[in-house]
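Coordinate analysis (summary)
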Amino acid sequence: MRFQFFRVVVVGLASLALGACGGGGGGHSTPLTAASITIVSGNNQTAMAGSALPAALGVSVKDSSGRALAGASVSWTVGAGGGSVTPATSTTDSGGLATTNWTLGGALGANQVTATVAGITPVTFDAMAVAGATASVTVTSPSLSPHEGDTVQLTAIAKDTYGNTLLGKVTAWISSRPEVAPVSPTGLLQTWGTGPVDVTASIDGVKGSVTLALTPILVSVSVGDKEVVIDGTTERCEELDV
């Protein structure tokens, strides 16, 4: 009797153990699913337009119990601002973490990347693209053939590699003929003579220039049947038949 009772107790305990572990042939484990995704690194960075951000973007994925979820697929999508991410899809590690590297677009301003895991609300990373170093300088003039005695305001425009205009830059101006066409530190050109002159603007060591043809002033005066043309450059008068 005592032996039979002991055997019944052992069999009962074994059955309970199998049921708890999913044994006995009828049990199965339920796959864990993602319940949340949160940003852990790389948000709100600032860098030059077209450059890679110094810190990788990182997210944490967890299940409904708040435990790190390994093996979850995270898709990274570029939004505002353009640019690129590498890789575009990554898988969470044993700690539930996934990362990617972000290169900003060439335009200035806000950039965004979205991290998505199927079935749950995605998260969005923000970054700000600022102007890069001076790559080109363009000098413009309201006239390429100003007359002798004119005052001409020249303009120098600096841009970075992606064509973004750079504001607030210090400009150094140089005239190839300062005795005839001096230029001020603000780009104001005086034309005291005639002929070609090159004016160069230098910003951050990058130069740009414009060539102007200074034009003499010709004044025509009709006197009876004659027309007198006064050349302001040579102080020469010439009579023309009219």
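Please refer to the structure placed before this passage.
Conventions used here
Residues numbered from 1 in each chain as written. Predicted model: local features only at pLDDT ≥ 70, side-chain atom pairs only at ≥ 80, totals over all residues. Heavy atoms only, no water. Helix = DSSP H or I, 4+ residues; strand = E, 2+ residues; numbered from the N terminus. Buried < 20%, exposed > 50% of the residue type's maximum accessible area, 1.4 Å probe, protein only. Contact = heavy atoms within 4.5 Å. Areas by Shrake-Rupley, 256 points an atom, 1.4 Å probe, with all protein chains shown as cover. Pairing = 2+ DSSP bridges. Axes fitted to C-alpha atoms, helices over the stretch in contact; angles between N-to-C directions. Lys, Arg positive; Asp, Glu negative; His and termini not counted. Salt bridge = Lys/Arg side-chain N within 4 Å of Asp/Glu carboxyl O. Polar contact = N/O pair within 3.5 Å; in protein donor to acceptor, adjacent residues only side chain to side chain. Core = buried A, V, L, I, M, F, W, Y, C linked by side-chain atoms within 4.5 Å.

**So, the overall build of the protein chain**
Within the protein chain one finds 1 helix and 20 strands. Here the protein chain holds 242 residues, and 28% of them are scored as buried. Expressed as a percentage of contacts within the protein chain between residues at least 6 apart in sequence, the contacts between residues at least 24 apart total 50%. When the accessible surface of the protein chain is totalled, it reaches about 14,000 Å², and 58% of it is carbon and sulfur.

**A look at the sheet that holds strand E16 (residues 195-203)**
One open sheet holds the 3 strands; their spatial order is E14-E16-E17, and the pairing between them is antiparallel. Each of the sheet's edge strands pairs with one partner strand only, and the pair in question is strand E14 (172-175) and strand E17 (206-214). Each strand of the sheet is rotated relative to its neighbour by a mean of 20 degrees, with strand direction disregarded. By the bridge criterion, 4 bridges tie E14 to E16 in an arrangement that is antiparallel. By the bridge assignment, Trp 173 is partnered in E16 with Ala 201.

**Section: the side chain of Asp 160**
Residue placement: Asp 160 occurs in the loop between strand E12 (155-159) and strand E13 (165-166). Buried and unpaired, Asp 160 has no salt bridge, with Lys 159 as the nearest side chain of opposite charge at 8.6 Å. From its side chain, Asp 160 meets the backbone nitrogen of Asn 164 in a polar contact 2.8 Å long. Beyond its immediate stretch of four places on either side in the chain, Asp 160 contacts Ala 131, Gly 132, Ala 133, Ala 135 and Leu 166.

**Some remarks on unusual backbone geometry**
Residues apart from glycine generally show negative phi values, whereas peptide bonds are mostly found in trans. Geometrically, the link from Thr 86 to Pro 87 is a cis peptide bond, its omega value of 0 degrees lying close to zero. Among the secondary structure elements, Pro 87 is positioned in the loop between strand E5 (84-86) and strand E6 (89-91). Even without a glycine there, the phi angle at Asp 204 is positive, about 55 degrees. Here Asp 204 lies in the loop between E16 and E17. The class for Asp 204 is exposed, based on a relative accessible area of 52%.

**Observations concerning the environment of Thr 46**
Considering the arrangement of structural elements, one finds Thr 46 in strand E2 (residues 45-48). As for Thr 46 and Gly 109, which are separated by 63 residues in sequence, their C-alpha atoms are 9.7 Å apart. When residues no more than four places from it in sequence are discounted, the contact partners of Thr 46 are Met 128 and Val 130.

**So, the nonpolar core**
Counting residues in hydrophobic clusters, the biggest one holds 23 residues, and the most contacted among them are Ile 37, Val 59, Val 74, Trp 76, Trp 102, Ala 115 and Phe 125. Looking at this core, the element that brings in the most residues is strand E9 (residues 123-130), giving 4 residues. In terms of nonpolar packing, the next biggest core, distinct from the first, is built from 18 residues, Val 152, Ala 158, Val 183 and Val 199 among them.

**Side note on the pattern of salt bridges**
Following the criterion strictly, the structure yields 2 salt bridges and no others. Taking the shortest distance from any N to any O, the salt bridge between Arg 67 and Asp 63 comes out at 3.2 Å.

**What about the side chain of Asn 164?**
Structurally, the position occupied by Asn 164 is in the loop between E12 and E13. By relative accessible area, Asn 164 is classed as buried at 11%. A distance of 2.8 Å separates the side chain of Asn 164 from the backbone oxygen of Gly 106, its partner in a polar contact. Apart from residues lying up to four places away in sequence, Asn 164 is in contact with Ala 49, Gly 106, Ala 107, Leu 108, Ala 158 and Lys 159.

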